[in-house]
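# Chains, contacts and geometry: an overview
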Amino acid sequence: MKTYRHPLAGAATTIHALETEEDVATARAWLTATQPRSLALDTEASGLDTFSPRHRLRTVQYGTADCAFVVPVERGPVFAELARTVVTRCPELVIHNSAFDLLVMDRHGIAPLEAVAPRVRDTKILAHLADSRQDYEGGVGISLKPLSAWYVDPSAPDTQSGLTQVFRSYGLTKETGWAGVPYEDETYQRYAGLDVLLAARLRPRLEQELVRHSIPRVLVEYEHQLVAICAAMERRGMLLDVPYTEGLVDRLREAAELHAAKAARYGVENVNSDRQVAAALLGMGEQWEERTDSGAPSVAKEVLLPLADLNDKWERLGVRTPNPLADAVLHAKRAGRWRTSYALAMLEKRDAGNRVHPKINTLGAKTGRASVSDPPFQQLPSKGWEIRRAVIAEPGNVYFSVDQSSVELVVLAALSQEPQMCEAIRGGRNLHDFTASLMFGPDFSKYQRGLAKVAGLGTSYQGGAKTLAKQTGLPVDVMRDALTRYAKAYPGIKKWARGLQRHALATGCEIRTPSGRRLVLDRDKLYRGVAYMCQSTARDTMGQALIDLHAKGLTQYLSLWVHDEVLGTAPQAEAADIAREVADVVRMDLFGVPIGTDAEVYGKTWAGGYGLPEEWEPAA
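First, a word on what this report is: a plain description of the structure on this page. Everything quoted here is computed from the prediction, not taken from an experiment.

## Overview of the pattern of salt bridges
Enumeration according to the criterion identifies 34 salt bridges in this entry. One salt-bridge network, held together by shared partners, links Glu-223, Arg-517, Arg-539 and Asp-540.

Okay, structure coming up:
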């Protein structure tokens, strides 16, 4: 057994790295003598691709605030059994970012997710609830190292940076280092043990912060339940149509090459060269105001889309002649990104049964909004079937979807209690039609209805006239007029927003959502309070729906949570009934305003709900 000493916050700490079966006996003797009620726990694996056939669990480490044990489970069943004893018998486990470790231990047979999750206290959750801001926003962040530097010991060594050098010394990279670094390496062992010591010391400090900020205990429990539910979804995964996806790789490469060739006709040899793209567009007579931090003309996506006569959903706007270079650059870059981030990634990270396992980060944003990665399915456009077609249902099953209807606007109405808006929703009126009639009169046009819809979403997410103009390609003065008309149609919203800002000023720029979530605003951007409240509250309604679905045994059918939608598969004969049952549970009231739901059975592939051409339907 190797033993290392570490001073933390003026106290002596010890890390024991086990090497032999005799060391296991020593570690068990410590457990018997100490009888710990709570242990911090962590794992080291060969990488983040938990379900890849190549993935390995290398170590499980556990400990208290001053003593840690690193157990090399990769060395055989005696070590694995020690880890299993700790994980299954300790009454409480403190883990930072528990979803990863829970799934790794489940995947490699240490302990089932369902048996461990109820006993976990996740310091990442505690940190997010105390203050969800990143360091560049005035907060501490929610990663273990900055949290430990702030709450535990600012001089605690950052072994992560040291590990990067160690990887290089072995001829490894950041990607291959975790799998290839020898267990015996001192920096590797210190890194594993130190994370446990830091998490153990961090937990009580964060709990003090929760008490100081009066964070409801029920909210803490709620977030832990969501982690377990979404981890089970990640474990279930989604079946991949491998032949289709392999073909998609080639088609996307060809598309990227085709559009890059079009860009080359305008002097752009590299579509990823901002300088070349900007120079060519300026040479074509295009003018725009956006600049990079260095003062150069920006050619970011939000600049190119309006030039190509496209909105942020990649739909044709019809407000100008599309610039062919902007269109070519956008499509070339998107095809290349989709090929790498989706098609190739799904093929490379699929498990032995050809399933992909998207990671659901239940606290993906400052507001608590969830995010999806590996692959980033939440970033797919709201219209488009090509990527979604790669995901298919199991034989005899079909995909279904349930989403909350216009949840952003319903939440805005419920929070502001704007009387006309609330009454329209309660009465089952089409909210966009109703709003357009208030803004433009009963004979509103389809175009005016679109303006009403954009103005409503812009108000709920505090997108100003300039931002909405960029997203839609419409003139700024048109969007400004639409927002003004919207505010006059629903005066209760503006009154509520002003009250929210006054409250934030009186409480140190802090607001609280209905669930008790603490959100801290920038003093010079208090207007964002409306967007934060709407986004966070909408997220919490779907989070509560997932907990309710789990209580009824329905999450067994679910595969993915994306914003206001849940996606799942069910036997074909039962799918419509199961989708309706899910929709019934997701449906709820928020302060007397009903949040409706839409349920749809897509068919054999996720793309069935996104305009899938008949010729691309999966074979029977």
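## Details of the sheet that holds strand 3 (residues 38-45)
Pairing is mixed in the open sheet, where seven strands are placed in the order 1-2-5-4-3-6-7. The open sheet has two edge strands with one neighbour each: strand 1 (2-8) and strand 7 (120-122). Within the sheet, the average angular offset between the axes of one strand and its neighbour, ignoring direction, is 25 degrees. The pairing of strand 3 with strand 6 (residues 92-95) spans three bridges and is parallel. When the bridges of strand 6 are listed, Ala-40 appears paired with Val-94.

## A closer look at helix 5 (residues 123-130)
With eight of eight residues buried, helix 5 is to be regarded as a mostly interior element. Taken as a whole, helix 5 has its buried residues at Thr-123, Lys-124, Ile-125, Leu-126, Ala-127, His-128, Leu-129 and Ala-130. Measuring from the side-chain oxygen of the N-cap residue of helix 5 to the backbone nitrogen of Lys-124 gives 2.8 Å; that N-cap residue is Asp-122.

## Looking at helix 1 (residues 21-34)
One full turn of an α-helix is made of 3.6 residues, so residues set three or four places apart face in the same direction. Spanning 14 residues, helix 1 covers 20 Å between terminal C-alpha atoms, matching the ideal 20 Å at 1.5 Å per step. Looking at helix 1, one finds that the buried residues are Asp-23, Val-24, Ala-27, Trp-30 and Leu-31. Buried positions in helix 1, seen along its axis, are confined to an arc of 115 degrees and lie on one side of it. The exposed set on the far side of helix 1, more than 90 degrees from its buried face, consists of Glu-21, Glu-22, Thr-32 and Ala-33. Residues of helix 1 that are buried make contact with strand 3, strand 4 (57-63), strand 5 (67-71) and helix 2 (77-89). At the C-terminal side of helix 1, Gln-35 shows a positive phi close to 50 degrees.

## Overview of the pairing of strand 17 (residues 565-571)
Counting buried positions over the seven residues of strand 17 gives six, a clear majority of the element. As paired elements, strand 13 (residues 397-404) and strand 17 share seven bridges and run antiparallel to each other. The residue bridging Asn-397 from the neighbouring strand is Pro-571, located in strand 17. With antiparallel pairing between neighbouring strands as the criterion, strand 16 (residues 558-562) and strand 17 make up a hairpin whose turn holds two residues, including His-563 at a positive phi of roughly 55 degrees.

## Focus: unusual backbone geometry
A cis amide bond links Asp-374 to the next residue, Pro-375, at an omega of 0 degrees. Among the structural elements, Pro-375 can be located in the loop between strand 11 (371-373) and strand 12 (391-392). At Asp-309, a residue that is not glycine, the phi angle is positive and equals roughly 60 degrees. Within the secondary structure, Asp-309 is located in the loop between helix 13 (301-307) and helix 14 (324-349). Given a relative accessible area of 1%, Asp-309 falls into the buried group. Of note in the backbone geometry, Asn-354 takes a positive phi value of approximately 65 degrees without being a glycine. Counting through the fold element by element, Asn-354 comes out in the loop between helix 14 and strand 9 (355-356).

Thresholds, definitions, all that
- Residues numbered from 1 in each chain as written.
- Predicted model: local features only at pLDDT ≥ 70, side-chain atom pairs only at ≥ 80, totals over all residues.
- Heavy atoms only, no water.
- Salt bridge = Lys/Arg side-chain N within 4 Å of Asp/Glu carboxyl O.
- Pairing = 2+ DSSP bridges.
- Helix = DSSP H or I, 4+ residues; strand = E, 2+ residues; numbered from the N terminus.
- Axes fitted to C-alpha atoms, helices over the stretch in contact; angles between N-to-C directions.
- Buried < 20%, exposed > 50% of the residue type's maximum accessible area, 1.4 Å probe, protein only.
- Polar contact = N/O pair within 3.5 Å; in protein donor to acceptor, adjacent residues only side chain to side chain.
- Expected span 1.5 Å × (residues − 1).
- Arc of directions from axis to C-beta.
- Contact = heavy atoms within 4.5 Å.

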